[in-house]
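Residue strings, one per chain:
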Amino acid sequence: MSVDSSAAGSPRRSAAGKAGTTGSKTGTKRTTSRTTTKKSTDPELVQLLTPEGKRVKNAEYDAYVAGITPDDLRGLYRDMVLTRRFDAEATALQRQGELGLWASLLGQEAAQIGSGRATREDDYVFPTYREHGVAWCRGVDPTNLLGMFRGVNHGGWDPNSNNFHLYTIVIGSQTLHATGYAMGIAKDGADSAVIAYFGDGASSQGDVAESFTFSAVYNAPVVFFCQNNQWAISEPTEKQTRVPLYQRAQGYGFPGVRVDGNDVLACLAVTKWALERARSGEGPTLVEAYTYRMGAHTTSDDPSRYRGDEERLAWEAKDPILRLRRYLETSNHADEGFFAELEAESEALGRRVREVVRAMPDPDNFAIFENVYADGHALVDEERAQFAAYQASFADVEGA
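K.L.:
So what about the environment of Leu275? Which residues, and what values?
P.N.:
One can find Leu275 in helix α11 (residues 264–279). C-alpha of Leu275 to C-alpha of Ile195: the two residues are 80 residues apart in sequence and 7.9 Å apart in space. Once you skip the residues sitting within four places of it in the chain, Leu275 turns out to touch Ala118, Thr119, Asp123, Ala193, Val194, Ile195 and Val223.

Written out as structure tokens, the structure reads:
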């Protein structure tokens, strides 16, 4: 399958800037009227691996995974399985009161692992708060992701150690940070690239639109990776946009491409292409990974209030992990011994995460008052005293 977008090939901005047209290796053609009426349940997208685990050819992107080995495929599978296991453990810990909140990535493993493994060590990543799989690919210890959700720190890792920025809770703001950083490395003459992650809901934010404008005008080496998981909390994508999200790039003068977000090979290939394009001075790209959030938006959400079971069941049939497992099995690239060993490794990871989280020390309850004003403030002093009295009230109850 191929994509119907300006991302086919490597068009320059001048070609992509023509109203109503997109550049491609197969020529210039009008796409807007046809794609805007296409049902979102049957989108045109880049796909290298079908839900049944069958490898399909793609003239545009096969070259970007041509050198992948059976070891590499097993590695991608391992990444997704361990990421899902970590995510499940974090969700359980929140339900047990060990975390204040958790944003699950269930169902989005292929989008994150495929794109994460496409990055080079010198590339810089700007995530939202759900990119646990990308963090795994960048070498961030999974337990470091949990401190913020437990309330014991403000991030848990040094962003410059892994070129992986701290999680961003403010919706869409990280795209501005990524654009500015990309403009900076371009001025420095570096050949690295930047990738910014955001969701379909964030695509409606003004920050994202501003990022598109600046990156296009300054030809910044940045890839905007939108994980379209179909729901911005309770709002479906069709209530946010009249056209597929990847087509928004046309209005800013750079390519957009929609990829099967449950196909780890396709996500790897498309992201490699986009990053190479950025490094070679061809500017930004918008990648829309068409996927699905299998669980709740966060653990404070109840998705059963706004979507039906039949939708979830339909997407379960496209499960990214099961898809790659089928391919590994039919291609004789993995045996039962591999899967058994991985299952044991997965359980060991879950135990380690649980033990580390429960051993995290509680923060100083009064630290929140210490860094508001440099020289102190009467109002803060009053609030500190009130909080101290509130805390003392619990001691009185326990001693009664």
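K.L.:
Tell me about the environment of Tyr218, and please be specific about residues and values.
P.N.:
Tracing the sequence through the fold places Tyr218 in the loop between α9 (206–217) and β5 (222–228). Along the primary structure Tyr218 and Ala186 are separated by 32 residues, whereas in three dimensions their C-alpha atoms are 9.3 Å apart.

K.L.:
Tell me what's going on with a nonpolar patch on the surface, and back it up with residues and numbers.
P.N.:
There is a patch of nonpolar side chains on the surface, built from Phe214, Val217 and Tyr218 and spanning about 330 Å² of accessible area. Summarising the element assignment, Val217 is placed in helix α9.

K.L.:
How would you summarise the nonpolar core if you had to cite specific residues and measurements?
P.N.:
The nonpolar side chains of soluble globular proteins are, as a tendency, buried together. Within the largest apolar cluster, 66 residues are counted, with the highest numbers of intra-cluster contacts made by Tyr77, Leu146 and Leu324. Examining the composition of this core, we find that 11 residues originate from one element, α11, more than from any other. With residues near it in sequence (within four places) discarded, Tyr77 still touches Ile321, Leu324, Arg325, Leu328, Phe338, Phe339 and Leu342. Listed in part, the 21 residues of the second largest apolar core include Phe126, Ala182, Met183 and Phe212.

K.L.:
Explain empty space enclosed by the protein to me, using residue names and the numbers behind them.
P.N.:
Applying the stated rule across the entire model yields one cavity of 30 Å³ or more. Empty space within the largest cavity amounts to approximately 40 Å³. Leu82, Thr83, Phe86, His132, Ala135, Trp136, Val140, Pro142 and Leu145 are the residues that line the largest cavity. Among the elements of the structure, α3 (70–95) and α5 (132–137) are those that each provide at least two residues to the lining of the largest cavity. Each residue belonging to the lining of the largest cavity can be placed in one class, and the counts come to seven nonpolar, two polar and no charged.

K.L.:
Please provide a residue-by-residue account of the pattern of salt bridges, values included.
P.N.:
Under the counting rule described, the total for this entry stands at 24 salt bridges. Between Asp62 and Arg55 there is a salt bridge whose closest N-O contact spans 3.1 Å. The closest approach of N and O atoms between Arg352 and Asp141, which form a salt bridge, is 3.4 Å. Of this pair, Arg352 sits in helix α14 (residues 336–359) while Asp141 sits in the loop between α5 and α6 (146–150), and the two are 211 residues apart along the sequence. Exposure remark for Arg352: the relative accessible area of 33% places this residue in the partly exposed category. On the accessibility criterion, Asp141 (28% relative accessible area) is partly exposed. Through salt bridges with shared partners, a single ionic network connects Arg85, Glu89, Glu347 and Arg354.

K.L.:
Outline the pairing of β5, supporting the account with residue identities and numerical values.
P.N.:
The buried count for β5 comes to seven of seven residues, which makes it a mostly enclosed element. Every second residue of β5 is oriented toward a common face, with Val222, Phe224, Cys226 and Asn228 on one face and Val223, Phe225 and Gln227 on the other, all of them buried. Note: strand β4 (residues 194–199) against β5, six bridges, orientation parallel. Residue Ile195 lies in a different strand from β5, and its bridge partner there is Val223.

K.L.:
Break down the packing of helix α8 (residues 173–188) against α9 for me, with residues and values.
P.N.:
Two numbers describe how α8 lies on α9: the axes approach to 7 Å, and their chain directions differ by 15°. With respect to their mutual orientation, α8 and α9 come out roughly parallel. Regarding α8 and α9, the two cross each other, and that crossing is left-handed. Along the contact surface, α8 presents Ser173, Thr175, Leu176, Thr179 and Met183, while α9 presents Asp207, Val208, Glu210, Ser211, Phe214 and Ser215. Residue classes in the contact of α8 with α9 are distributed as four nonpolar, five polar and two charged.

Rules of the game
- Residues numbered from 1 in each chain as written.
- Predicted model: local features only at pLDDT ≥ 70, side-chain atom pairs only at ≥ 80, totals over all residues.
- Heavy atoms only, no water.
- Helix = DSSP H or I, 4+ residues; strand = E, 2+ residues; numbered from the N terminus.
- Contact = heavy atoms within 4.5 Å.
- Patch = residues over 30% accessible without salt bridge, like charges linked within 9 Å, V, L, I, M, F, W, Y side chains within 5 Å.
- Areas by Shrake-Rupley, 256 points an atom, 1.4 Å probe, with all protein chains shown as cover.
- Salt bridge = Lys/Arg side-chain N within 4 Å of Asp/Glu carboxyl O.
- Core = buried A, V, L, I, M, F, W, Y, C linked by side-chain atoms within 4.5 Å.
- Buried < 20%, exposed > 50% of the residue type's maximum accessible area, 1.4 Å probe, protein only.
- 1 Å grid on protein atoms, 1.4 Å probe; cavity = no way out; pocket = protein on both sides within 12 Å on 5 of 7 lines; lining within 4 Å.
- Points joined across faces, edges and corners; volume = space filled by probe spheres on them.
- Nonpolar A, V, L, I, M, F, W, Y, C, P; charged D, E, K, R; others polar.
- Pairing = 2+ DSSP bridges.
- Axes fitted to C-alpha atoms, helices over the stretch in contact; angles between N-to-C directions.
- Parallel < 35°, antiparallel > 145°, perpendicular 65-115°, else oblique.
- Left-handed = near helix turned anticlockwise from the far one by under 90°.

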